[in-house]
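Observations on the three-dimensional arrangement
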Amino acid sequence: MFSKKKKIIILSVMVALLVVTGYLNIALNNNVSQTTTTQTSNLNFYDSYRSDRQSSRDSEILYCEGILADSTSSQEAKDMAEKRRDELIEAMETELLIEGLIKGLGYEDVVLTASNDNINVIIKAKREDLTDSQLAKIETIIKEQTKKPLTCVRIIPSE
């Protein structure tokens, strides 16, 4: 069928293709690895947390709107869904406002979570860099915006 010379040429071409494929595989994997590392380092805790929080809230709001749009939902379910949706929107607005006000004090980044019982503030700062005066300013902002007692507020420095 094939002469010995043709078999050697075909085999040599296949080996060369295998070597080229291996080289390309290694080169492309290194490039993807470096890109992934860069993207991961650019997405810090604060951005990641905000993204997760927004995604969760969006899902919850869509769920509420689904109940409101469903003609088979009871009026009680619709009222509860509307109330919950409005609470979520109000919480989102409050968190955004307070985060902006605290950033306005000169902090690089801040994330706030507000529930019925607690308010947690995570500030990009070292604990030793936060003075009592700075903590008081943050607490005043939170108290004025939420009307909640300071016993509910927890400020967490994080670098």
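This text goes with the structure placed above it.
Residues numbered from 1 in each chain as written. Predicted model: local features only at pLDDT ≥ 70, side-chain atom pairs only at ≥ 80, totals over all residues. Heavy atoms only, no water.

**Brief notes about the packing of aromatic side chains**
In total, this model carries 2 aromatic pairs according to the counting rule given. With a centroid separation of 5.2 Å and 75 degrees between ring planes, the pair formed by Phe45 and Tyr46 is classed as edge-to-face. Relative to Tyr49, the ring of Phe45 has its centre 5.9 Å away and its plane inclined at 35 degrees; by these criteria the two rings are tilted. Of this pair, Phe45 and Tyr49 both sit in helix α2 (residues 45–69), 4 residues apart, which is roughly one turn of that helix. You can call Phe45 partly exposed: its relative accessible area is 41%. Take Tyr49: its relative accessible area is 27%, and that puts it in the partly exposed class. In textbook terms, an aromatic cluster arises when at least three aromatic residues are bridged by ring pairs, as seen for Phe45, Tyr46 and Tyr49. (Phe/Tyr/Trp six-rings, centres within 6.5 Å; stacked < 30°, edge-to-face > 60°. Helix = DSSP H or I, 4+ residues; strand = E, 2+ residues; numbered from the N terminus. Buried < 20%, exposed > 50% of the residue type's maximum accessible area, 1.4 Å probe, protein only.)

**Some points on the side chain of Ser73**
Mapping Ser73 onto the fold places it in the loop between α2 and α3 (75–103). A polar contact is formed between the side chain of Ser73 and the backbone oxygen of Ile67, at a distance of 3.0 Å. Aside from chain neighbours lying at most four places away, what touches Ser73 is Ile67 and Lys78. (Polar contact = N/O pair within 3.5 Å; in protein donor to acceptor, adjacent residues only side chain to side chain. Contact = heavy atoms within 4.5 Å.)

**Re the nonpolar core**
For soluble globular proteins, the rule of thumb is that nonpolar side chains tend to be buried together. By size, the foremost hydrophobic cluster in this structure holds 16 residues, and its most contacted members are Ile102, Tyr107, Val121, Ile123, Ile138, Ile142 and Ile155. For this core, the secondary structure elements donating two or more residues are α3, β1 (110–114), β2 (119–124), α4 (132–146) and β3 (153–158). Looking at this core element by element, the count peaks at 4 residues for α4. If we ignore the near neighbours within four places in the chain, the residues touching Ile155 are Val121, Ile123, Leu135, Ile138 and Glu139. (Core = buried A, V, L, I, M, F, W, Y, C linked by side-chain atoms within 4.5 Å.)

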